[in-house]
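Listed here are the chains, written in short residue letters.
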Amino acid sequence: MQIAIKVLTKSKFAEGDLEQVKSEFQLLQHVDHPNIVKYLETYDDSRYMYLCMEYCPGGGLFKKITD
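As the structure is a computational prediction, the values presented were derived from the model and not from experiment.

Caption draft 1: Main features of the sheet that holds strand β1 (residues 3–9). As summarised here, the arrangement of the three strands in space is β1-β3-β2, forming an open sheet in which the pairing is antiparallel. The sheet is open, and its two edges are formed by β1 and β2 (39–44), each paired on a single side. Each neighbouring strand pair of the sheet contributes to a mean axis angle of 20°, computed without reference to strand direction. Sheet analysis places β1 next to strand β3 (residues 48–54), joined by seven bridges and oriented antiparallel. Bridge pairing in β3 places Ile-5 opposite Cys-52.

Written out as structure tokens, the structure reads:
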């Protein structure tokens, strides 16, 4: 299985927003739908959060919408 890892820089989040992001990741654990990329897990260290998800070839959704 191929996975994609998104790296989020913690210092770029406003105070309190990081907890909101973590809460959203917890919700993603329970989502199972063929049209939604599957969330696998999150790792973090003092500077970054690493979001591991199912790999979807073809680029990001924003690029598809704006092309």
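Structure's up, so let's keep going.
Caption draft 2: Inspection of the nonpolar core at higher detail. If you look at the biggest cluster of nonpolar residues, it comprises seven residues: Leu-18, Val-21, Phe-25, Tyr-39, Met-49, Leu-51 and Met-53. The set of elements that each furnish at least two residues to this core consists of α1 (17–28) and β3. Contact partners of Met-49, with chain neighbours within four places excluded, come to Lys-6, Val-7, Leu-8, Lys-10, Leu-18, Lys-22, Phe-25, Thr-42, Tyr-43 and Asp-44.

Caption draft 3: A look at the pairing of β3. As paired strands, β2 and β3 are joined by five bridges and run antiparallel to one another. Each bridged residue has a counterpart across the sheet, and for Thr-42 the counterpart in β3 is Leu-51. Linkage of β2 to β3, two consecutive antiparallel strands, is achieved through a turn of three residues.

Caption draft 4: Quick peek at the environment of Tyr-55. Note on placement: Tyr-55 falls in the loop between β3 and α2 (61–66). As a C-alpha pair, Tyr-55 and Leu-8 span 47 residues in sequence and 17 Å in three-dimensional space. Beyond its immediate chain neighbours, meaning those up to four positions away, Tyr-55 contacts Gln-2, Ile-3 and Ala-4.

Caption draft 5: Spatial organisation of the environment of Val-37. By the element assignment, Val-37 lies in the loop between α1 and β2. Leave out the neighbours within four places in its chain, and Val-37 touches Met-53, Glu-54 and Cys-56.

Caption draft 6: Fine view of the packing of aromatic side chains. Taken as a whole and assessed by the stated rule, the structure comprises two aromatic pairs. Taking 6.1 Å as the distance between ring centres and 20° as the angle between the ring planes, the aromatic pair formed by Phe-25 and Tyr-39 counts as stacked. Note that Phe-25 is positioned in helix α1 and Tyr-39 in strand β2, a separation of 14 residues in sequence. Across the pair, Tyr-39 and Phe-25 agree in class, each one buried.

What counts and how
- Residues numbered from 1 in each chain as written.
- Predicted model: local features only at pLDDT ≥ 70, side-chain atom pairs only at ≥ 80, totals over all residues.
- Heavy atoms only, no water.
- Pairing = 2+ DSSP bridges.
- Helix = DSSP H or I, 4+ residues; strand = E, 2+ residues; numbered from the N terminus.
- Axes fitted to C-alpha atoms, helices over the stretch in contact; angles between N-to-C directions.
- Core = buried A, V, L, I, M, F, W, Y, C linked by side-chain atoms within 4.5 Å.
- Buried < 20%, exposed > 50% of the residue type's maximum accessible area, 1.4 Å probe, protein only.
- Contact = heavy atoms within 4.5 Å.
- Phe/Tyr/Trp six-rings, centres within 6.5 Å; stacked < 30°, edge-to-face > 60°.

All quantities given are derived from atomic positions and should not be read as evidence of function.
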